[in-house]
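Observations on the three-dimensional arrangement
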Amino acid sequence: TTLREGELQPGVHFNCRIRKELGLALAEIGTRRIEYPIAYSSRGGRVDDIRDAIEEAKKSSNDLQAILQCRACKEDVENASQYGADGCAVYLGVTEKHRKGKLGGLDRGKAIEQLSESIGLLKDLGFRYRRAVLEDVSRFFTSEKGFEDTQAYLSRLLNSVRKAGATIVSIPDTSGIIPHTKVSDIVRKMKRFTDLPLAAHFHNDYGNALANAIEAFSAGVEEIHVSIYGLGARNGIVDHYEMVSNLEDIHGVSTGEKREQLMVLYKRFEQLTKIPIPWRHP
């Protein structure tokens, strides 16, 4: 998700050429899914630029899936249908803190309805990959959970998005507050609630993103989100190289990526973006 989450890092912006060349570079090393943003006219984005980058990347690999991410609302989902992507993720803040603080007091029933309707619309539009992103859901498993963040509500939410046609559910640690000792237990609980594949998206606010991602993978999470340098909002997310090298070198897991080409990818990223490889990067 370098091309989407990566641009949430303050000061980072990819022009049309960079987005196209990075997509190609990722496809060439065997990255299975590349996530792109949708263009918001208020931010000066152009649909054609992102659509062209997706087309270029898909031409270079038969196995690649191009994925978009947008808000769980009709306007964004209909916008997402213009890009020629294989899949789309829709996100909604489902916790009490998000619903009351960011979404104008949206109640639990309406949150379930809004996310499920967006998944249903993705299905109607022909997206093969449909990810329900339960933004900030990690709070359900911490002392920061709200009174309304109950297991019964979470179960209803998961059942509803599954019925609507979700093919995968994302359980992001949006705030980076989960210690690695809790990750396996959270994954096991989620797998009791749903038989859908799980995606994990760990932020690095407390420096735990990599450890949490490895623990989540070991516990059975099928998709881990990474970005080059770990770029992302605030303190970033899991670094692409660190995740692949840990799985390949230490855990003996084949990721399907060309491990020996990762340095080439990172050098290319440095050349294109002028963002230097961090001095202490492994």
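First, a word on what this report is: a plain description of the structure on this page. (Residues numbered from 1 in each chain as written. Predicted model: local features only at pLDDT ≥ 70, side-chain atom pairs only at ≥ 80, totals over all residues. Heavy atoms only, no water.)

**A short note on the environment of Tyr-266**
Quick reminder of the rule: Numbering of helices and strands runs from the N terminus; a helix is a DSSP stretch of H or I covering at least four residues, while a strand is a stretch of E covering at least two. Here, two residues are considered to be in contact whenever any of their heavy atoms come within 4.5 Å of each other. Any pair of N or O atoms that falls within 3.5 Å is considered a polar contact. Within protein, one atom must be able to donate a hydrogen and the other to accept it, and sequence-neighbouring residues count only if both atoms are side-chain atoms.
Inspection of the secondary structure puts Tyr-266 in helix H10 (residues 262-273). Put simply, Tyr-266 and Gly-87 are 179 residues apart on the chain and 26 Å apart in space, counted from C-alpha to C-alpha. Those residues in contact with Tyr-266 that sit more than four places away from it in its chain are Ser-227, Ile-228, Tyr-229, Asp-239, His-240, Tyr-241, Ile-277 and His-281. At a separation of 3.0 Å, a polar atom in the side chain of Tyr-266 contacts the side chain of Asp-239.

**Notes on the pairing of strand S1 (residues 33-37)**
Walk down a regular strand and you will see the side chains alternate between the two sheet faces. The condition that has to hold: Only protein chains enter the calculation, and the probe is 1.4 Å; a residue is then buried if its accessible area is under 20% of its type maximum, exposed if over 50%, and partly exposed in between. Note on pairing: DSSP must find at least two bridges between two strands before they are called paired.
Within S1, 4 of the 5 residues are buried, which leaves it mostly tucked inside the rest of the structure. In the sheet, S1 pairs with strand S2 (residues 65-71) via 5 bridges, with the strands oriented parallel. Counted as the bridge partner of Arg-33 is Gln-65 from S2.

**Side note on the packing of helix H1 (residues 16-28) against helix H2 (residues 47-59)**
Relative placement of two packed helices is described by the angle separating their axes and the distance separating the axes. Rule in force here: A fitted line through C-alpha atoms serves as each axis, taken over the contacting stretch for helices, and the angle formed by two N-to-C directions is quoted from 0 to 180°. Just so you know how the angles are binned, under 35 degrees is roughly parallel, over 145 roughly antiparallel, 65 to 115 roughly perpendicular, and the rest oblique. In this scheme the crossing of two helices becomes right-handed for a clockwise turn of the near helix relative to the far one and left-handed for an anticlockwise turn of less than a right angle.
It is at 8 Å that the axes of H1 and H2 come closest, and there the two elements cross at 25°. In this view, H1 runs roughly parallel relative to H2, as classed from their interaxial angle. Crossing geometry of H1 relative to H2 is assigned as right-handed. Contacts from Cys-16, Arg-19, Lys-20, Gly-23, Leu-24 and Ala-27 of H1 reach H2 at Asp-49, Ile-50, Asp-52, Ala-53, Glu-56 and Ala-57.

**Looking at unusual backbone geometry**
Positive phi values are uncommon outside glycine, yet Tyr-229 reaches one of about 65°. Checked against the element boundaries, Tyr-229 lands in the loop between strand S8 (226-227) and strand S9 (238-239). Within the chain, Lys-274 stands out as a residue other than glycine whose phi angle is a positive 65°. Checked against the element boundaries, Lys-274 lands in the segment after H10.

**Thoughts on the sheet that holds strand S3 (residues 87-93)**
Spatial strand order, S1-S2-S3-S4-S5-S6-S7: 7 strands in an open sheet with parallel pairing. The sheet is open, and its two edges are formed by S1 and strand S7 (223-224), each paired on a single side. The strands touched by H2 within the sheet are S1 and S2, with S1 carrying the most contacts at an inclination of about 170°.

**Observations concerning the packing of aromatic side chains**
Applied cut-off: Between rings of Phe, Tyr and Trp, where Trp is taken as its six-membered ring, a pair exists when centres lie within 6.5 Å; planes separated by under 30 degrees are stacked, by over 60 edge-to-face, and by other angles tilted.
Per the counting criterion, the structure on display carries 5 aromatic pairs. Measuring from centroid to centroid gives 6.2 Å for Phe-14 and Phe-269, while their planes differ by 80°, and the two rings are edge-to-face. Pair noted here: Phe-14 is in the segment before H1 and Phe-269 is in helix H10, with a separation of 255 residues, a long-range link. Both residues of the pair, Phe-14 and Phe-269, belong to the buried class. Measuring from centroid to centroid gives 5.7 Å for Tyr-229 and Tyr-266, while their planes differ by 55°, and the two rings are tilted. Separated by 37 residues along the polypeptide, Tyr-229 in the loop between S8 and S9 and Tyr-266 in helix H10 bring together distant segments of the chain. By relative accessible area, which is 13% here, Tyr-229 ends up buried. Grouping aromatic residues by their ring pairs yields a cluster made of Phe-14, Tyr-229, Tyr-241, Tyr-266 and Phe-269.

**Regarding the environment of Gly-120**
Counting through the fold element by element, Gly-120 comes out in helix H5 (residues 108-124). For the pair Gly-120 and Arg-130, spaced 10 residues apart in sequence, the C-alpha separation works out to 9.1 Å.

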